[in-house]
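# Close look at the chain arrangement
What follows is each chain in one-letter form.
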Amino acid sequence: MDFLMSGLAACGACVFTNPLEVVKTRMQLQGELQAPGTYQRHYRNVFHAFITIGKVDGLAALQKGLAPALLYQFLMNGIRLGTYGLAEAGGYLHTAEGTHSPSRSAAAGAMAGVMGAYLGSPIYMGTFQALTEIGQKHGLVGLWRGALGGLPRVIVGSSTQLCTFSSTKDLLSQWEIFPPQSWKLALVAAMMSGIAVVLAMAPFDVACTRLYNQPTDAQGKGLMYRGILDALLQTARTEGIFGMYKGIGASYFRLGPHTVLSLFFWDQLRSLYYTDTK
């Protein structure tokens, strides 16, 4: 049941945040490996990107890829949050004295993230037709192209997100700012988690987006980057440190609300379920 509730929570958040994912991806690919000032900027900022995409491609373009995104969120976050939830319910995130352990929370978040992201990686490639074409051209292994390269991003992001969420909830409970089991507790913790995860993941997000979108040769090998570290180094050398935070505004507007909504929905669904089953 934990996995089902986790998947539903992530899908609920995805419906609201998918347009932000579209904007974020386009901004991150803008001026790829070109020095600042040497290319035409189609999108000046997040809001300009929304308006431009809506005018040029139509409003439906802002929900491009929603179906595979929902499937990916249900599978990846269903496994990730479900696994973390089981670890939390089993008491593995607390010390022998019963206090919350941030280090255990971070480790559990990282492991859960790796499991979810690796198993969900083929869905990240796109539609069923795209998966079929990749499978026919590159074989079953081709469906996981770039999966290992994205794991550092997942480890950092998942551990930061879930550790911050659990630690903030624990601190707020100790300080008794909100009534016990209040929805405000989960909401504030999710908001803090959203800020932390964006700051931690932005460089990896840029590199991972470029890895997945780079052209490949006949064997499916990337023509621009050898891996996530190479993508980070090339971006930093060519575009500067701020190049690794390209599209951070769009990243926040996507990852921030998605983190807040998914963790809030997840926490409330679990609270309702465990309250009703007692």
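Residues numbered from 1 in each chain as written. Predicted model: local features only at pLDDT ≥ 70, side-chain atom pairs only at ≥ 80, totals over all residues. Heavy atoms only, no water.

## A word on the overall build of the protein
What counts is decided by this rule: Here a strand is any run of E in DSSP of at least two residues, a helix any run of H or I of at least four, and the numbering for each starts at the N terminus. The criterion used for residue contact is that any of the two residues' heavy atoms lie within 4.5 Å. Here the Shrake-Rupley method, with its probe set to 1.4 Å, supplies the accessible areas, and only the displayed protein chains count as covering residues.
Of regular secondary structure, the protein possesses nine helices and zero strands. Listed by position from the N terminus, the elements making up the protein come as α-α-α-α-α-α-α-α-α. Considering only residue pairs separated by 6 or more positions, the protein has 76% of its internal contacts joining residues 24 or more positions apart. Of the roughly 14000 Å² that the protein leaves accessible, carbon and sulfur atoms contribute 66%.

## Quick look at the side chain of N18
In plain terms, the rule: The classification of residues rests on relative accessible area computed with a 1.4 Å probe and restricted to protein chains. Under 20% of the type maximum is buried, over 50% is exposed, and intermediate values are partly exposed.
Mapped onto the elements, N18 comes out in helix 1 (residues 2-29). Among the residues examined, N18 registers a relative accessible area of 4% and is labelled buried. N18 has contacts with L62, Q63, K64, G65, L66 and A69, leaving out every residue within four places of it along the chain.

## Some words on the nonpolar core
Applied cut-off: Put simply, buried Ala, Val, Leu, Ile, Met, Phe, Trp, Tyr and Cys residues joined by side-chain atoms within 4.5 Å make one nonpolar core.
By size, the foremost hydrophobic cluster in this structure holds 14 residues, and its most contacted members are Y84, F165, L263 and W266. Within the residue set of this core, elements represented by two or more residues are helix 3 (66-89), helix 4 (102-124), helix 6 (147-175), helix 7 (183-213) and helix 9 (248-276). Counting ten residues, the second-largest nonpolar core is a separate cluster that includes V23, I53, A61 and L62.

## What about the packing of helix 3 against helix 9?
Filter applied, for reference: Axis angles are defined between N-to-C directions and span 0 to 180 degrees, where every axis is a line fitted to C-alpha atoms and, for a helix, only to the segment in contact. What sets the label is the angle itself: under 35 degrees gives roughly parallel, over 145 gives roughly antiparallel, 65 to 115 gives roughly perpendicular, and the rest give oblique. With the far helix as reference, a near helix turned anticlockwise by less than a right angle produces a left-handed crossing, and one turned clockwise produces a right-handed crossing. Each residue is assigned to one of three groups, with Ala, Val, Leu, Ile, Met, Phe, Trp, Tyr, Cys and Pro labelled nonpolar, Asp, Glu, Lys and Arg labelled charged, and all others, Gly among them, labelled polar.
Here helix 3 crosses helix 9 at 55 degrees, and the two axes come no closer than 12 Å. Classed by the angle they form, the pair helix 3 and helix 9 counts as oblique. Taken as a pair, helix 3 and helix 9 cross one another with a handedness that is right-handed. Residue-level contacts link Q73, N77, L81, Y84, G85 and E88 of helix 3 to R254, H258, L263, W266 and R270 of helix 9. Of the residues assigned to the contact of helix 3 with helix 9, the class counts are four nonpolar, four polar and three charged.

## Considering the packing of aromatic side chains
Using the following cut-off: Geometry of aromatic contacts follows a simple scheme: Phe, Tyr and Trp rings, the Trp one being its six-membered ring, pair when their centres are within 6.5 Å, and the pair is stacked under 30 degrees between planes, edge-to-face over 60, tilted otherwise.
Throughout the structure, instances matching the rule amount to four aromatic pairs. Note on F165 and W266: the rings are 6.3 Å apart at their centroids and 45 degrees apart in plane angle, and the pair reads as tilted. Of the two residues, F165 sits in helix 6 while W266 sits in helix 9, which places them 101 residues apart along the sequence. For the residue pair F165 and W266, the accessibility class agrees, reading buried in each case. With a centroid separation of 6.3 Å and 50 degrees between ring planes, the pair formed by F264 and F265 is classed as tilted. On the accessibility criterion, F265 (26% relative accessible area) is partly exposed. Taken together, the ring pairs connect Y84, F165 and W266 into an aromatic cluster.

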